[in-house]
Structure formats: structure tokens, C-alpha cells
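The residues making up each chain are set out below.
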Amino acid sequence: MSMFCFQCQETAKGKGCAVRGVCGKTDEVANLQDLLIYILKGISVYAGEAKEFGIQNERIGSFITKSLFSTITNVSFVPEDFEARIREAFEVREDIKKQLFEAYKAEKGRDYNKELPDECTWYSDDTSDFRVKGASTGILSIEDEDIRSLKELLTYGLKGIAAYVEHVYVLGEKNDEIFAFLTEALAATVDPDKTVDELIALVMRCGEVAVQAMALLDKANTGHYGHPEITEVNIGVRKNPGILISGHDLRDLEELLEQTRGTGIDVYTHGEMLPANSYPFFKKYDHFVGNYGNAWWQQKEEFEKFNGPILMTTNCLVPPEESYKARVYTTGLVAFPGCIHIEDRKPGEQKDFSVIIEHARRCKAPEELENGTISGGFAHEAVMGVADKIVEAVKKGKISRFVVMAGCDGRHKEREYYTKLARELPEDAVILTAGCAKYRYNKLDLGDIDGIPRVLDAGQCNDSYSLVVIARKLAEVFGADDINELPISYDIAWYEQKAVAVLLALLYLGAKGIRLGPTLPAFISPNVLKVLVEKFDIKPIGTVEEDLKAIMAGE
Ligand code: SF4
Ligand code: SF3
């Protein structure tokens, strides 16, 4: 069987994974994911038409959101999960089709007889057909390179939005407008008449909706857990057995902390869960110790040494080694063959983490990787709390430039660029960061400027939104008309599809001259890149020396 996937930065040879994913995704899973997306497009075509008859199908929004999220890099590696999801997709599609056909007949007095694309009609109840069909419905089935590039850029942006919206959903809130955009955009990818310009316009709207999704998540997170506070986060260990929680889902953390209270078991964060340490809500738990380790790609070594069970709530899961696999638990949309999956919460109840807690009781305490603290919690509220200090430092010339270095971390050696750049930035430059990209420089001793740390960590990748809120508020304070008039530069690192959503959001918010690395996306065709360069002055990263000079010169 063959596959094709080029959705992440680590795609094989910078072109595409064609035999097996560098991430560990098998050709079987890749083809099933492609078929799932294909059927989601069919559902979206029906949903678009049904909307014209005033039909709102409650099930579609959440099904599409979860399904898109499940196909993000390093989320699910289990073929049976995708088979089940495809079967459910057939049901959802049948349901909306029936509603549409009935409404059509009632209004027009005749049967629905428009020609429908294969995405709306293909069906099989034989799972072996799923793999074969998936192999023929993937990315390369679109011949025009630019159209393909824009449709994939749009789809990856949608996946990122879906992930953030799912977190909002988990916290009990939703937004029908965003759900509607997901279906509208997916349906557009099936429309053979969509022009390059129309697709570019949709990609820009995707950025706008990504901002909405991140704003909504910010509201949901801060509404439930308070505004992050400036916090010194412990990175050492204690002597009790521990549970390590990774990913982006704060509700899972909340329930795990509740259920481990008084058990003698400590809880540590890993990777993108680090920012949870700065929320006031979580500080009330004495057994919430701090952060263990670094970004996702270092988990093989770090999970080994942690000694206790690990709970993966979202991406990024690296296929676990046999030596610690029995300690890896998945939940939500994350899944890996052979790892125990904690089922979703029933209405009004918490997830049941007792099996992980029992497991932890049998484990040794974590091995110390490092000790000391790192600072976090510089989301918009906290930064605005010290805005007068920042403004004064800028006015006195003590801060000459802000460099937004948000996004993802990854395995490639080229990413050492970010550590070097951070280290070599002049002492009057401040780094604004979010996402797991921060692990490249958040433990360097870069000092502070009049008490303002030189690395201000706003939180998870979705908190990149916070950085723009900060930039906008600073622009207001300085009386600037737009954020590009501020002494601010963007040097963004990407890996997976949430970073694509973040990038589109930044473009929508008017950030110009973004440097993107460590490599440009393989799915951006030369012509699409040309548009991005002309409209937004996007550029690839260069050498540390060249970029340092240019950044400090405001270029
Ligand atoms: Fe390859 Fe990335 Fe796709 Fe995995 S997600 S198969 S590494 S392009
Ligand atoms: Fe990292 Fe996977 Fe993107 Fe949320 S955990 S930023 S890579």
C-alpha cells in the first residue's frame, strides 16, 4: 500500500511521506485519514445545501471537529479508530442527506435530483475497501499544484481550528459560527469551480476564524481557571510516585488533580501542559509539583526516566518504546495501539483516571532531570499588569525590540537556530513566546530588563493569541495605528497543523514580515508562496547572523 502526507514540517525529505510517516503513522492510518476527510467533505456539501432550507444538524459540528482533530500529526495511530469514525461519518452523512432530501421535496414538490460529487455518495460496508479508496482520494488526487496547495493549506488551518474548538467544547461552550465555517470551507475544497483567488480569500477567512477560536478558548480557559499569573515553575522532582500529564487539555488536568488529591501521588506537567502551572485554579493543589522535561520530541528519553504513568491528552504522542509503553495512557482523541485508553466522561461525570492512579502507586518516584525554576504566566492580563514598566523601558531605550518566537518545537537539528538566535539577541531585546517552541530557549539564563524577564512565555500554542492582544495594547499605548509600527518582529517555528492555524491568525491580524522555519511547508507551491510574500512579506529563516542583523534593523 502507498500513502502521501506532507502536512507537517518533518515530512520525509521536505517533500512528503510516501511509505510510512516520519511521525510513525502507517500507510494504513494515512489512507484511512484521507478517506475520513473525504467523507467529511461530502457531509459538508450536504450541510451547505441543507442550510439554505434552514436545516441545522446539531451532530455535524462536533463530529467534524473531533474528526479533523483526530487527523492532526501525532494524535491517533489506531486504524480501528479511523474505521469506526468513517462508519460514523456514513451515518452522519446519511442523516443530513435525508433531512435535505425531505426538505427539498417539501418545498419544490419534486425529488432532489442534482448531481452530487463522489464525496457525497461513495459508500462501502467492507473496511478493506476503506483503505483502497483512501489511497485514491488523498492529496495527490488534485492535479493543479496551486489549487492543491491552497486546499491543503485551508484544510490544515481547519484542523488547527478544530483542535482549539474541541478544547472550548470540552469546557462546555461552543460556537455555531465556527462550526458553520468548518463545513463551508470543507465543502469549498470539493467545488471544482473555486478559483485561486476565491481559495485565497477562504484561507484568509480561516485566519479570521482561527482568531475567533483562540479568543474563545482564551475566554473558556480563563473563565474556568482564572487569568495566568506570573509564576516561577518548579522543574525539579519530589520523592513521591508521580503521574505525568502532557498535551493541551486543561479539563483532563483538572480532573486528574481532583482524583489524585490526598493519594500521596504527585502530578507533573510535560510539554504543552507546562503553562497550566500559571493558572490560579491549579495552584491550590499541593501535589501539583511543576513541570518535568521538555518538548514533545524528547519524550522517549524523558518518559523512560519519569518512572510513573504518563497521560497524553492531545498531541504530540511519539510512538512509545516497549520499555515504557505500558506506562503510557491516552485519552480524548489520542490513541496508540496497545496503550490503555481512558474513556470520555459521561454527561455530568468526570473521566475515570483510577487505573492510572493505581498504576502510579506501584511506581518509583521520577528521576531528576534538572532542578530550579522557569518563569511563566505572561499571558495578556499579566503582561498588561506590568505594562507601565514595559512602556517606560521602551521609552528609555532599555527595550529596543520585541521578537515573537512562538510555535512548535521539533526534532530537526536546524532548530538549534532558535536557541542560538535567542542567546545572541542583544540584551535590550525581549522574546515573546508561546507553544512548545519555547523549550529551545526558556531555560537559558537571559536575564531581565528592570525586572521584566527577557523571555515572556504567554502559554500554549493557542496563547499566541495573547501575544497579539499584547501587541495591540502596546500599539494603543504608544499611539501606533497598527502593530507593525511597533518595534516587533516575528520569527515563528512550526511543526503541526495548529501552528498553521496560528500562522493564518497572525496574518489575519496584520503581522507583516514573519520569518517562518525551520523550513517552509512542503504543501506551499511556488505560486502560493509568491502571494504570501507579496501580501505579507513572509520569508524563510536564514542564518542566525543574517537574521539577527535584519531583526534588530526592523527588517
Ligand atoms: Fe509525514 Fe508529518 Fe504526515 Fe506524519 S504527519 S506522515 S511525518 S507529513
Ligand atoms: Fe507542540 Fe506538538 Fe505544536 Fe501546541 S505539542 S505546539 S508541536
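Residues numbered from 1 in each chain as written. Chains lettered and ligands numbered in written order. Predicted model: local features only at pLDDT ≥ 70, side-chain atom pairs only at ≥ 80, totals over all residues. Heavy atoms only, no water.

What follows concerns the site of ligand 1. As a matter of local geometry, ligand 1 sits amid Met3, Cys5, Phe6, Gln7, Cys8, Thr11, Cys17, Gly21, Val22, Cys23, Lys25 and Thr73. The class makeup of the residues in the shell around ligand 1 is 7 nonpolar, 4 polar and 1 charged. (Near = heavy atom within 4 Å. Nonpolar A, V, L, I, M, F, W, Y, C, P; charged D, E, K, R; others polar.)

With that out of the way, let us pick up the domain arrangement of the chain. Quoted interface sizes are often the accessible area lost when the parts come together. Domain boundaries assigned for the chain yield domain 1 (1-141), domain 2 (233-361) and domain 3 (382-552). Placing a centre on the C-alpha atoms of domain 1 and another on those of domain 2 gives a separation of 31 Å. Counting from both sides, the interface comprises 15 residues of domain 1 and, opposite them, 11 residues of domain 2. Carbon and sulfur atoms make up 67% of the area that domain 1 and domain 2 hide from each other, which totals about 1000 Å². In terms of surface lost to domain 2, no three residues of domain 1 exceed Asn74, Val75 and Phe77, which account for 47% of the buried area on that side. For the pair domain 1 and domain 2, the number of links is 0 salt bridges. One can count 3 residue pairs in polar contact (both at pLDDT 80 or more) joining domain 1 with domain 2. Sorting the residues of the side of domain 1 that touches domain 2 by element identifies helix 2 (58-70) and helix 3 (79-108) as the ones contributing at least two each. For the side of domain 1 that touches domain 2, the leading source of residues is helix 2, giving 3 residues. Residues belonging to the side of domain 1 that touches domain 2 are distributed by class as follows: 6 nonpolar, 5 polar and 4 charged. (Domains from an automatic or database assignment. Contact = heavy atoms within 4.5 Å. Buried area = accessible area lost by both parts, 1.4 Å probe. Salt bridge = Lys/Arg side-chain N within 4 Å of Asp/Glu carboxyl O. Polar contact = N/O pair within 3.5 Å; in protein donor to acceptor, adjacent residues only side chain to side chain. Helix = DSSP H or I, 4+ residues; strand = E, 2+ residues; numbered from the N terminus.)

Lining the immediate surroundings of ligand 2 are His248, Glu272, Trp296, Asn315, Cys316, Gly407, Cys408, Cys436, Cys461, Tyr495 and Glu496. Of the domains in this structure, domain 2 (233-361) and domain 3 (382-552) are the two that each give at least three residues to the shell around ligand 2.

Those residues of helix 15 (residues 387-395) lying buried are Ala387, Ile390, Val391, Ala393 and Val394. Projected down its long axis, helix 15 carries its buried residues within an arc of 160°, all on one side. In helix 15, the exposed residues that point more than 90 degrees away from the buried face are Asp388 and Lys395. Buried positions along helix 15 lie against helix 14 (380-385), strand 9 (401-404), strand 11 (448-449), strand 12 (452-453) and helix 17 (464-477). Positive phi shows up at Gly397, right after helix 15, with a value of about 80°. (Buried < 20%, exposed > 50% of the residue type's maximum accessible area, 1.4 Å probe, protein only. Arc of directions from axis to C-beta.)

A separate point is the packing of helix 2 against helix 6 (residues 145-170). Running from N to C, helix 2 and helix 6 cross one another at 120°; their axes reach a closest spacing of 8 Å. The angle between helix 2 and helix 6 falls in the class oblique. Regarding helix 2 and helix 6, the two cross each other, and that crossing is left-handed. For the pair helix 2 and helix 6, the contacting residues are Ser62, Thr65, Lys66, Leu68 and Phe69 in the first and Leu158, Lys159, Ala162, Ala163, Val165, Glu166, His167 and Tyr169 in the second. Of the residues belonging to the contact of helix 2 with helix 6, the class tally is 7 nonpolar, 3 polar and 3 charged. (Axes fitted to C-alpha atoms, helices over the stretch in contact; angles between N-to-C directions. Parallel < 35°, antiparallel > 145°, perpendicular 65-115°, else oblique. Left-handed = near helix turned anticlockwise from the far one by under 90°.)

Strand pairing in a sheet relies on backbone hydrogen bonds, with the paired strands running either antiparallel or parallel. One open sheet holds the 6 strands; their spatial order is 4-3-2-5-6-7, and the pairing between them is parallel. Single-partner strands in this sheet number two, and they are strand 4 (288-291) and strand 7 (340-342). With strand direction ignored, the average angle separating the axes of adjacent strands in the sheet is 25°. The pairing of strand 2 (residues 242-246) with strand 5 (residues 310-312) spans 3 bridges and is classified as parallel. Of the residues in strand 5, the one forming a bridge with Ser246 is Met312. (Pairing = 2+ DSSP bridges.)

What follows covers the packing of helix 6 against helix 18 (residues 497-508). It is the contact of helix 6 with helix 18, at a shortest axis distance of 7 Å, that shows an interaxial angle of 100°. By the angle between their axes, helix 6 is roughly perpendicular relative to helix 18. Mapping the contact onto sequence places Leu153, Tyr156, Gly157, Lys159, Gly160, Ile161, Ala163, Tyr164 and His167 in helix 6 and Gln497, Lys498, Val500, Ala501, Val502 and Leu504 in helix 18. Per-class residue counts for the contact of helix 6 with helix 18 are 9 nonpolar, 4 polar and 2 charged.

Applying the stated criterion across every chain yields a total of 27 aromatic pairs. Aromatic pair Tyr104 and Tyr112: ring centres 5.0 Å apart, planes at 70°, arrangement edge-to-face. Of the residues examined, Tyr104 reaches a relative accessible area of 4% and is grouped as buried. Taking the centre distance of 4.8 Å and the plane angle of 85° together, the rings of Tyr417 and Tyr418 count as edge-to-face. Given the relative accessible area of 6%, Tyr417 is considered buried. The class of Tyr418 is buried, set by a relative accessible area of 3%. Here the aromatic residues Tyr225, Tyr279, Phe281, Phe282, Tyr285 and Phe288 are joined through ring pairs into a cluster of three or more. Note that Lys284 overlies the ring of Phe281, its terminal NZ or CZ placed 3.5 Å from the centroid. (Phe/Tyr/Trp six-rings, centres within 6.5 Å; stacked < 30°, edge-to-face > 60°. Lys NZ or Arg CZ within 6 Å of the ring centre and 35° of its normal.)

Locating Arg131 in the fold gives a position in helix 5 (residues 127-137). A residue is classified by how much of its surface remains accessible, and Arg131, at 16% relative accessible area, is buried. Within the local environment of Arg131, its side chain forms a polar contact with the backbone oxygen of Thr127, the two atoms lying 3.0 Å apart.

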